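# Examination of the molecular architecture
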Amino acid sequence: MAQNDGFDLGDIGDVVGDLISGKGFDLAALQPLWEQIQPTLKGLDTDQILDTVGGWAKDLDLPLIKDIPDSTIDDLKDGAKVPLKNLLQG
């Protein structure tokens, strides 16, 4: 079971199952989950952030944008709030 600073990423799949359909996903419904994960990224280096976000998106079969802007990565490093829409293809 994947764990990141006490937040259990293994249970997210169950919660998200109802939020994702064959037609896409609901960003607004996923935002609260993102807000729980995002603080665990503060202070990590760029590769760790990309690995964590990429793994989360892959586990949930979410369409991560191909090139996350450096400014978004910097905001995550600094602990600033970053909307999920800045990371996923809508």
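Residues numbered from 1 in each chain as written. Predicted model: local features only at pLDDT ≥ 70, side-chain atom pairs only at ≥ 80, totals over all residues. Heavy atoms only, no water.

Within an unreviewed UniProt entry, the label attached to the protein chain reads DUF937 domain-containing protein, and the organism entered is Microcella humidisoli.

This next bit is on a negative patch on the surface. Together, Asp 70, Asp 74, Asp 75 and Asp 78 give the surface a local cluster of negative charge. Along the chain, the position of Asp 74 falls in helix H4 (residues 70-78). (Patch = residues over 30% accessible without salt bridge, like charges linked within 9 Å, V, L, I, M, F, W, Y side chains within 5 Å. Areas by Shrake-Rupley, 256 points an atom, 1.4 Å probe, with all protein chains shown as cover. Salt bridge = Lys/Arg side-chain N within 4 Å of Asp/Glu carboxyl O. Lys, Arg positive; Asp, Glu negative; His and termini not counted. Charge placed at Lys NZ, Arg CZ, Asp CG, Glu CD. Helix = DSSP H or I, 4+ residues; strand = E, 2+ residues; numbered from the N terminus.)

Looking at where Thr 72 falls in the secondary structure, it is placed in helix H4. Residue classification places Thr 72 among the buried residues on the basis of a relative accessible area of 7%. When neighbours within four sequence positions are excluded, Thr 72 is seen to be in contact with Val 82, Asn 86 and Leu 87. (Buried < 20%, exposed > 50% of the residue type's maximum accessible area, 1.4 Å probe, protein only. Contact = heavy atoms within 4.5 Å.)

A few words now on the nonpolar core. As a rule of thumb, nonpolar side chains are buried together in soluble globular proteins. In this structure, Trp 34, Val 53, Trp 56 and Leu 62 are the most contacted members of the largest nonpolar core, which totals 18 residues. When neighbours within four sequence positions are excluded, Trp 34 is seen to be in contact with Leu 41, Val 53, Trp 56, Leu 76, Val 82, Pro 83, Leu 84 and Leu 87. (Core = buried A, V, L, I, M, F, W, Y, C linked by side-chain atoms within 4.5 Å.)

By the burial criterion, the buried members of H4 are Thr 72, Ile 73 and Leu 76. Taken end-on, H4 shows its buried residues confined to a sector of 100°, consistent with a single buried face. Facing away from the buried side of H4, by more than 90 degrees, are the exposed residues Asp 70 and Asp 78. On its buried face, H4 is in contact with helix H2 (27-37) and helix H3 (46-59). Looking one or two places after H4, you find Gly 79, whose phi comes out positive at around 85°. (Arc of directions from axis to C-beta.)

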